[in-house]
Amino acid sequence: MPTYPRPLSSRLPHVGTTIFTVMSALANEHGAINLSQGFPDFDAPADLLALLNEHARAGHNQYAPMTGVPALREAIAAKVAALYGAQYDVDAEITVTAGATQAIFTAVAALVHPGDEVIVFTPVYDSYGPSIELQGGKVVYADLTVPGYRPDWDAVARLITPRTRMIIINSPHNPTGTIWTAEDMVRLEALVRDTDIVIVSDEVYEHMVYDQARHESVLRYPGLAERAVVVSSFGKTYHVTGWKIAYCLAPRELMAEFRKAHQFIVFTVHAPSQYALAAFMSKPGWYEQLKALYQGKRDIFRQALSGSRFELLPCQGTYFQCVKYGAISEEGDRAFVERLTREHGVAAIPVSAFYPNGDDHGVIRFCFAKSATTLEKALERLIRL
Ligand code: PMP
Ligand code: GLN
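Residues numbered from 1 in each chain as written. Chains lettered and ligands numbered in written order. Predicted model: local features only at pLDDT ≥ 70, side-chain atom pairs only at ≥ 80, totals over all residues. Heavy atoms only, no water.

S.K.: When you look at the overall build of the protein chain in this model, what are you seeing that I'm missing?
M.R.: The number of helices and strands found in the protein chain is 14 helices and 13 strands. Relative to the 2.2 N^0.38 estimate, which gives 21 Å for 385 residues, the radius of gyration of the protein chain is 21 Å and therefore close to what a compact globule would have. Counting only residues that meet the buried cut, the protein chain has 54% of its 385 residues in that class. A fraction of 75% describes how many contacts in the protein chain between residues 6 or more apart in sequence connect residues 24 or more apart. When the accessible surface of the protein chain is summed, it comes to about 16600 Å², and 53% of that surface belongs to carbon and sulfur atoms. (Helix = DSSP H or I, 4+ residues; strand = E, 2+ residues; numbered from the N terminus. Rg over C-alpha atoms; globule rule 2.2 N^0.38 Å. Buried < 20%, exposed > 50% of the residue type's maximum accessible area, 1.4 Å probe, protein only. Contact = heavy atoms within 4.5 Å. Areas by Shrake-Rupley, 256 points an atom, 1.4 Å probe, with all protein chains shown as cover.)

This is how it looks when you write it as structure tokens:
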């Protein structure tokens with residue numbers, strides 16, 4: 001095995017392996033039920049898999065256009081027009097990406113200059129900070145207030161400086177399962193009005209919003225949409241996280257810059273799945289079905305845990321349920337999830353992993369995107385604690 005012979009200066013000195021990889025590996029090692037990393041343990045719809053097969057066999061196996069297969073971009077434009085009344089140009093304003101992670105990374109790479117400041121909200125999805133740092137940007141943290149995980153708009157206003165280039169937002173929010181309200185969007189719209197700040201809006205859980213609440217997409221707010229890269233992920237919406245396919249929308253000026261970077265980061269995305277998704281998206285009713293599916297799972301999860309010593313935090317969206325475990329243990333959240341995995345056979349994510357300084361509020365995250373049988377087995381174990 002060769003060994004690199006020189007001292008190595010890391011571009012990301014404080015970054016290790018993601019908590020999702022770490023906890024899934026620990027779950028596998030101990031044969032635990034994996035409610036840590038967010039992905040469904042049930043399969044994608046059979047029709048979608050049949051379409052993938054059909055399009056691979058039909059010879060759609062060479063490079064797709066750099067911006068995405070036209071039929072898929074058309075389906076995306078029709079979707080956002082129907083759901084949010086948003087008009088996006090199929091050719092100039094929509095790009096298919098290799099997952100939301102790549103869309104966010106690319107938006108940052110294309111739009112953030114060295115020394116620019118980018119505001120993110122803690123607890124923060126783990127890819128945002130490193131994406132900014134790799135471009136020489138400065139990450140500025142706005143805390144969602146604990147408990148409740150609400151944005152404090154006066155505090156955000158104080159963080160904005162002439163160097164603020166971008167604000168990355170995420171509703172429904174991973175890891176907390178909270179959603180932003182119309183009032184939040186209006187506050188943000190007012191804050192950025194006279195600036196050249198770009199918004200990156202991570203809306204990968206857009207269809208998982210519960211109890212009749214409405215997803216407040218940036219696409220509904222002209223003062224935000226005019227300066228936004230809006231990202232959604234087919235992985236979440238069609239139970240195909242392993243396909244790593246997503247899309248983003250932006251006004252043409254921003255999208256032109258985005259594509260300059262996109263073409264050299266991946267150039268283009270897996271072709272047969274684009275054709276399959278384009279065909280599948282024309283079927284009506286999927287988003288309502290998806291919401292009902294996950295709301296049902298959330299309700300089963302909460303109902304069972306309501307009789308336990310875990311304290312349930314609100315879950316308004318996403319497929320994550322956060323809980324406090326203070327009545328069970330005084331351990332730190334990492335120690336607790338490790339013991340939960342090893343000794344009780346259920347893996348979860350410590351929410352401290354989403355804070356740059358590891359702030360530990362005694363909160364852990366469970367993913368309930370699991371089959372009824374998996375949930376039943378996991379809940380049996382959790383309610384005994
Ligand atoms: N943003 C958030 C908030 C997520 O939860 C995830 C995935 N769980 C992503 C981005 C990445 O999505 P993708 O797998 O499409 O890259
Ligand atoms: N976003 C998923 C989660 O929050 C995991 C994605 C990943 O493993 N990088 O669990």
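Having put the structure on the table, let's press on.
S.K.: How should the layout of surface pockets be read in this particular structure?
M.R.: Regions of empty space are outlined by a rolling probe, equal in size to a water molecule, passed over the atoms. Taken as a whole, the largest pocket holds about 1200 Å³ of empty space. As for the largest pocket, its lining consists of 50 residues, of which T18, F20, Y125, D126 and S127 are closest to the centre. Of all the secondary-structure elements, those providing two or more residues to the lining of the largest pocket are α1 (19-30), α4 (100-111), α5 (128-134), β4 (138-143) and α9 (234-237). At six residues, the largest contribution of residues to the lining of the largest pocket is made by α5. Residue classes in the lining of the largest pocket are distributed as 24 nonpolar, 19 polar and seven charged. Size it by volume and the second largest pocket reaches roughly 160 Å³. Contributing to the lining of the second largest pocket are L83, Y84, E206, H207, A213, R214, H215, R220, Y287, E288 and K291. (1 Å grid on protein atoms, 1.4 Å probe; cavity = no way out; pocket = protein on both sides within 12 Å on 5 of 7 lines; lining within 4 Å. Points joined across faces, edges and corners; volume = space filled by probe spheres on them. Nonpolar A, V, L, I, M, F, W, Y, C, P; charged D, E, K, R; others polar.)

S.K.: Sorry, what's going on with the site of ligand 2 here?
M.R.: The full set of residues close to ligand 2 is F20, Q37, G38, Y125, N174, K236, F320 and R365. Between ligand 2 and G38 there is a distance of 2.6 Å, counted from an oxygen atom to a backbone nitrogen or oxygen. Contact distances for ligand 2 include 2.9 Å between a nitrogen atom and a side-chain N or O atom of Y125. Its atoms largely coinciding with the cavity grid, ligand 2 occupies the largest pocket. Classifying every residue of the shell around ligand 2 gives three nonpolar, three polar and two charged. (Near = heavy atom within 4 Å. Polar contact = N/O pair within 3.5 Å; in protein donor to acceptor, adjacent residues only side chain to side chain. Sits in = over half its atoms within 2 Å of the grid points.)

S.K.: Help me understand the sheet that holds strand β9 (residues 311-312) in this model?
M.R.: The strands making up a sheet associate through hydrogen bonds between their backbones, and the pairing can be parallel or antiparallel. With antiparallel pairing, four strands are arranged side by side in an open sheet as β9-β10-β13-β12. Each edge of the open sheet is held by one strand with a lone partner, namely β9 and β12 (349-350). In terms of strand pairing, strand β10 (residues 320-324) meets strand β13 (residues 363-367) through five bridges, oriented antiparallel. By the bridge assignment, K324 is partnered in β13 with V363. In the packing of helix α13 (residues 333-344) onto the sheet, contacts are made with β12 and β13, and the angle to β13 comes to roughly 40 degrees. (Pairing = 2+ DSSP bridges. Axes fitted to C-alpha atoms, helices over the stretch in contact; angles between N-to-C directions.)

S.K.: Looking at this structure, I do not really get the side chain of S36. What am I missing?
M.R.: Within the element layout of this structure, S36 appears in the loop between β1 (33-34) and α2 (46-57). There is a polar contact of 2.4 Å between the side chain of S36 and the side chain of N34.

S.K.: Explain the nonpolar core to me, please; I cannot follow it from the model alone.
M.R.: The nonpolar side chains of a soluble globular protein tend to be buried with one another. By size, the foremost hydrophobic cluster in this structure holds 124 residues, and its most contacted members are Y238, F310, I364 and F366. Element by element, the count of residues in this core is highest for α4, at seven residues. (Core = buried A, V, L, I, M, F, W, Y, C linked by side-chain atoms within 4.5 Å.)

S.K.: What exactly am I supposed to notice about the site of ligand 1 here?
M.R.: In the neighbourhood of ligand 1, the contacting residues comprise G99, A100, T101, Y125, N170, N174, D202, V204, Y205, S233, K236 and K244. A distance of 2.5 Å separates a nitrogen atom of ligand 1 from a polar atom in the side chain of D202. Taking K236, its side chain carries an N or O atom lying 2.3 Å from a nitrogen atom of ligand 1. For ligand 1, the protein covers 93% of the area, taking 390 Å² as the surface of the free molecule. Cavity membership is defined here by more than half of the atoms lying within 2 Å of grid points; on that basis ligand 1 lies in the largest pocket. Each residue belonging to the shell around ligand 1 can be placed in one class, and the counts come to four nonpolar, five polar and three charged.

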